[in-house]
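# Fold and geometry: a report
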Amino acid sequence: MTAPDQASPAGQEVPPTCYKHPDRETWVSCVRCGRHACPDCLRQAAVGQQCVDCVRGAGQGTRQARTAFGGRPVATAAVTWTLVGINVLIFLIEVARPNLLYAWGMLGTPALTPGGIQSGVAGGQWYRLLTSAFIAPGTSLGGLGLLDILFNMWALVVVGPSLEQSLGRVRFLAVYLLSAVGGSVLFYYMQPHSLAAGASGAVFGLFGAWFVVARKLRLDVRGIVTIIAINLVFSLIYRSTIAWQDHVGGLITGVLITAAFAYAPRKNRTAIQVAAAVAILAVLVLLVIFRSHQLTSQLGF
């Protein structure tokens, strides 16, 4: 499969040529460094194609190779597997200490739980916006908790490595964590008095990220659109037990942050991407502040 970074623009008289063979016109570019290359100078990668220099790790002269989105090329999915390990480890700790669900789960307002009195996000426990993404909604090796961790880790392993290779480790981790928080924020707005947990918001954010990356690289998006649609329908059908708000919030956040990464202009790209990530985080913080003020005013605490 190929990854043209742009179609032939109307009115452009001189099309780009292969960086190694100036006499060969081509609109296909390397997904790592972005240089145009002819078929002889491209090699198939997990996502799109890479030029022979990036495959060898030589880059462009002394310049460090970059992915199509500005990240550093990676050969292994270290962040993906680290996230899987953290999630599984915390689930096992949760099985041994069930009260962890109530201490770390997404809870908006103060409540008396089996784990004691909890203040919730409105009471100052902002950490729940993120820690809830590493907690399963069940505390046993059977039932909902096990199903949740199995599905989410399967999904993370399916989409994570390719996304991590395309975005680079730092950008990939930013998408995952911001999507987790984004899902929690929407749940906070719509179900502030309920308890929720699970990595689904972050996983849906990766689904959204994969859609944006595939669109940018001109890849077939029908598969990921189908996965998103099926999971959203499933979430709505079983909305009494599934925090669909978390899924939708994570999906929206993942699409927004990845679009900022993917479509940032090449000039000053890293600065623009960092600014976009900070801006999205700032918006989420402001939303939490506003919602917390609403709830504390209503409940009088």
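Refer to the preceding data block for the structure.
Throughout this document, residue positions are counted from 1 along each chain, in the order its sequence is written. Selection of residues for local features in this predicted model requires a pLDDT of at least 70, selection of side-chain atom pairs for listing and counting requires 80 or more, and totals for whole chains, interfaces and linings are taken over all residues. Working from all heavy atoms in the structure, the side-chain values ignore hydrogens and water.

### Digging into the packing of aromatic side chains
For Phe, Tyr and Trp, where Trp contributes only its six-membered ring, two rings pair if their centres lie within 6.5 Å, and the inter-plane angle classes them as stacked under 30 degrees, edge-to-face over 60, or tilted in between. Scanning the entire structure with this criterion turns up four aromatic pairs. Where Phe134 meets Tyr176, the ring centres are 6.4 Å apart and the plane angle is 50°; that geometry is what we call tilted. With a gap of 42 residues between them, Phe134 in the loop between α4 (128–131) and α5 (144–167) and Tyr176 in helix α6 (residues 169–190) connect regions that are remote in the sequence. Tyr176 carries the same exposure label as Phe134, and that label is buried. Judged by centre distance (6.0 Å) and plane angle (40°), the ring pair of Phe151 and Trp154 falls under tilted. Of this pair, Phe151 and Trp154 both sit in helix α5, separated by three residues, roughly a single helical turn. Exposure classes here rest on a 1.4 Å probe applied to the protein chains alone. A residue is buried below 20% of its type maximum, exposed above 50%, and partly exposed in between. What makes Phe151 partly exposed here is its relative accessible area of 29%. Look at Trp154 and you get exposed, because its relative accessible area is 51%. Remark: a charge is flagged as sitting over a ring if the NZ atom of Lys or the CZ atom of Arg is within 6 Å of the ring centre and within 35 degrees of the ring normal. Of note, Arg291 hangs over the ring of Tyr189, and the distance from its end group to the ring centre comes to 5.6 Å. In DSSP terms, a helix is any run of H or I states spanning at least four residues, a strand is any run of E spanning at least two, and both are numbered starting from the N terminus.

### Side note on the environment of Met153
Inspection of the secondary structure assignment puts Met153 in helix α5. When its relative accessible area of 9% is taken as the criterion, Met153 is described as buried. For the pair formed by Met153 and Asn87, sequence separation is 66 residues and the distance between their alpha carbons is 8.0 Å. Contacts are assigned to residue pairs with any non-hydrogen atoms lying within 4.5 Å of each other. In contact with Met153, not counting residues within four places along its chain, are Val84, Asn87, Val88 and Ala199.

### Things to note about the pattern of salt bridges
By convention in these notes, a salt bridge is any Lys or Arg side-chain nitrogen within 4 Å of a carboxyl oxygen on Asp or Glu. Inspection of the entire model under this criterion finds three salt bridges. When the shortest N-O distance is used, the salt bridge between Arg169 and Glu164 registers 3.5 Å. A relative accessible area of 33% means that Arg169 is categorised as partly exposed.

### A closer look at the environment of Asn231
Structurally, Asn231 is set in helix α8 (residues 222–237). Overall, Asn231 belongs to the buried group, its relative accessible area being 15%. Spatially, the C-alpha atoms of Asn231 and Cys54 are 36 Å apart, while their sequence positions differ by 177 residues. When sequence neighbours within four positions are dropped, the list of residues in contact with Asn231 reads Phe151, Phe204 and Phe207.

### Concerning the layout of surface pockets
Its boundaries defined by the atoms lining it, the largest pocket holds a volume of some 730 Å³. As for the largest pocket, its lining consists of 35 residues, of which Pro137, Asp148, Thr241, Ile242 and Ala243 are closest to the centre. Elements supplying a minimum of two residues to the lining of the largest pocket: α5, α6, β6 (195–196), α7 (200–216), α8 and α9 (244–262). Looking at the lining of the largest pocket, the element that brings in the most residues is α5, giving five residues. Across the lining of the largest pocket, the residue classes tally to 18 nonpolar, 14 polar and three charged. Only protein atoms enter the 1 Å grid used here. Points where a 1.4 Å probe fits but cannot escape make up a cavity, open sets with protein on both sides within 12 Å along at least five of seven lines make up a pocket, and a residue lines them when an atom lies within 4 Å of a point. Grid points are joined across faces, edges and corners, and a volume is the space filled by probe spheres set on the points. Under the convention adopted here, Pro, Cys and the residues Ala, Val, Leu, Ile, Met, Phe, Trp and Tyr are nonpolar, Asp, Glu, Lys and Arg are charged, and Gly plus all remaining residues are polar.

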